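Below are the chains, spelled out letter by letter.
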Amino acid sequence: MHRTRLTRPLLLGVLLYCLGLPAWAGKQEKEILAPSVQTAMQQAINDNREPRLVFADKAEGERWLTEMMLRLEKKVPDAFMRKRLLTLIHYEATRAGLDPQLVLGLVQVESGFKKYAISSAGARGLMQVMPFWVDQIGNDKHNLFDEATSLRFGCTILRHYLDLEKGNLYLALGRYNGSRGRPEYPNMVLGAWRSRWQWGSSGS
């Protein structure tokens, strides 16, 4: 079976992830949003449908949840909270057109699954969202320490960056961290994704 060789920067990201070192400090940069973009992002943020696993095959969804519950157990010991968090991640990632496993890797790197995490730059919550986003696309009722809110904002913002970068995940992740063009942060997220959270049709 063909196996993709890890590049040296990606291998560094995997090693940093496995060693449990903190993410590279960074922050999303405030930008002037086009009115159409701002409106679309606001609509995404305010779409309050009930979170659920988004699988065409219910049995596949159950296999995914069972496996991810095991992988996340050390970080989130409470089974009820772990199941809720995984459901939120899968729903918010899917509705934003993102791979849920990528989002799991990003949350691992950004906050270590700590909902009250605050970075030195002032980013907050699971996905380390900068507070200025609440003013731009949210409202004063949005609390970035709430898991559902953090995930919705974070996935919406990453989707926006992916659109800006015409689908280039590497550059979009750099924007998310405020380090566009530097390899460290994208490779840490990709390393966490591929070494810890990868999921295929075979269920592994």
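Before reading on, note that the structure itself is shown above.
Quick look at the structure, then. (Residues numbered from 1 in each chain as written. Predicted model: local features only at pLDDT ≥ 70, side-chain atom pairs only at ≥ 80, totals over all residues. Heavy atoms only, no water.)

The subject of this paragraph is the overall build of the chain. When helices and strands are counted, the chain shows 9 helices and 0 strands. In the chain, the succession of α and β elements from N to C terminus is α-α-α-α-α-α-α-α-α. Buried residues in the chain amount to 46% of all 204 residues. Long-range pairs, those at least 24 residues apart, make up 64% of the contacts in the chain between residues at least 6 apart in sequence. With an accessible surface of roughly 11000 Å², the chain has 54% of that area assigned to carbon and sulfur atoms. (Helix = DSSP H or I, 4+ residues; strand = E, 2+ residues; numbered from the N terminus. Buried < 20%, exposed > 50% of the residue type's maximum accessible area, 1.4 Å probe, protein only. Contact = heavy atoms within 4.5 Å. Areas by Shrake-Rupley, 256 points an atom, 1.4 Å probe, with all protein chains shown as cover.)

Turning next to the pattern of salt bridges. One pass over the full model with this rule turns up 12 salt bridges. Two residues, R84 and E147, come together in a salt bridge whose shortest N-O distance is 3.6 Å. Within this pair, whereas R84 is found in helix α4 (residues 79-95), its partner E147 is found in helix α7 (residues 147-164), the two being separated by 63 residues in sequence. For R84, a relative accessible area of 31% puts it in the partly exposed group. Relative accessible area serves as the criterion here: at 10%, E147 is assigned to the buried category. Several salt bridges share partner residues, and in doing so they unite D47, R49, E92, R95 and R152 into one network. (Salt bridge = Lys/Arg side-chain N within 4 Å of Asp/Glu carboxyl O.)

Backbone phi values are negative for most residues with the exception of glycine, while trans is the configuration of most peptide bonds. For F113, which is not a glycine, the phi torsion comes out positive at approximately 65°. Within the secondary structure layout, F113 lies in the loop between α5 (100-111) and α6 (132-137). The residue K166 is not glycine, and still its phi comes out positive at about 55°. As for its position among the elements, K166 is in the loop between α7 and α8 (169-177). K166 sits in the exposed class, given a relative accessible area of 78%.

Turning to the packing of aromatic side chains, a few remarks are in order. On inspection of all chains with the given rule, the structure shows 5 aromatic pairs. Centre to centre, the rings of F55 and W64 are 5.9 Å apart; their planes meet at 50°, and the pair counts as tilted. For F55, a relative accessible area of 25% corresponds to the partly exposed category. Judged by centre distance (5.8 Å) and plane angle (50°), the ring pair of Y116 and F145 falls under tilted. Here Y116 is found in the loop between α5 and α6, whereas its partner F145 is found in the loop between α6 and α7, with 29 residues between them in sequence. Classification of Y116 by relative accessible area gives exposed; the value is 58%. Three or more aromatic residues joined by ring pairs form one cluster here, namely F132, W133 and Y161. A cation over a ring is seen here: R196 above W197, with NZ or CZ 5.4 Å from the ring centre. (Phe/Tyr/Trp six-rings, centres within 6.5 Å; stacked < 30°, edge-to-face > 60°. Lys NZ or Arg CZ within 6 Å of the ring centre and 35° of its normal.)

On to a positive patch on the surface. Taken together, the side chains of K74, K75, K114 and R196 make up a positively charged region of the molecular surface. Relative to the helices and strands, K74 resides in the loop between α3 (58-72) and α4. (Patch = residues over 30% accessible without salt bridge, like charges linked within 9 Å, V, L, I, M, F, W, Y side chains within 5 Å. Lys, Arg positive; Asp, Glu negative; His and termini not counted. Charge placed at Lys NZ, Arg CZ, Asp CG, Glu CD.)

Before going further, it helps to spend a moment on the nonpolar core. In terms of nonpolar packing, the biggest core is built from 51 residues, with V103, F113, M127, W133, L151, F153 and Y176 touching the most fellow members. Within the residue set of this core, elements represented by two or more residues are α2 (35-45), α3, α4, α5, α6, α7, α8 and α9 (184-197). In this structure, M127 is in contact with Q28, V103, L106, V107, E110, S150, L151, G154, C155 and Y176, ignoring residues within four places of it in sequence. (Core = buried A, V, L, I, M, F, W, Y, C linked by side-chain atoms within 4.5 Å.)

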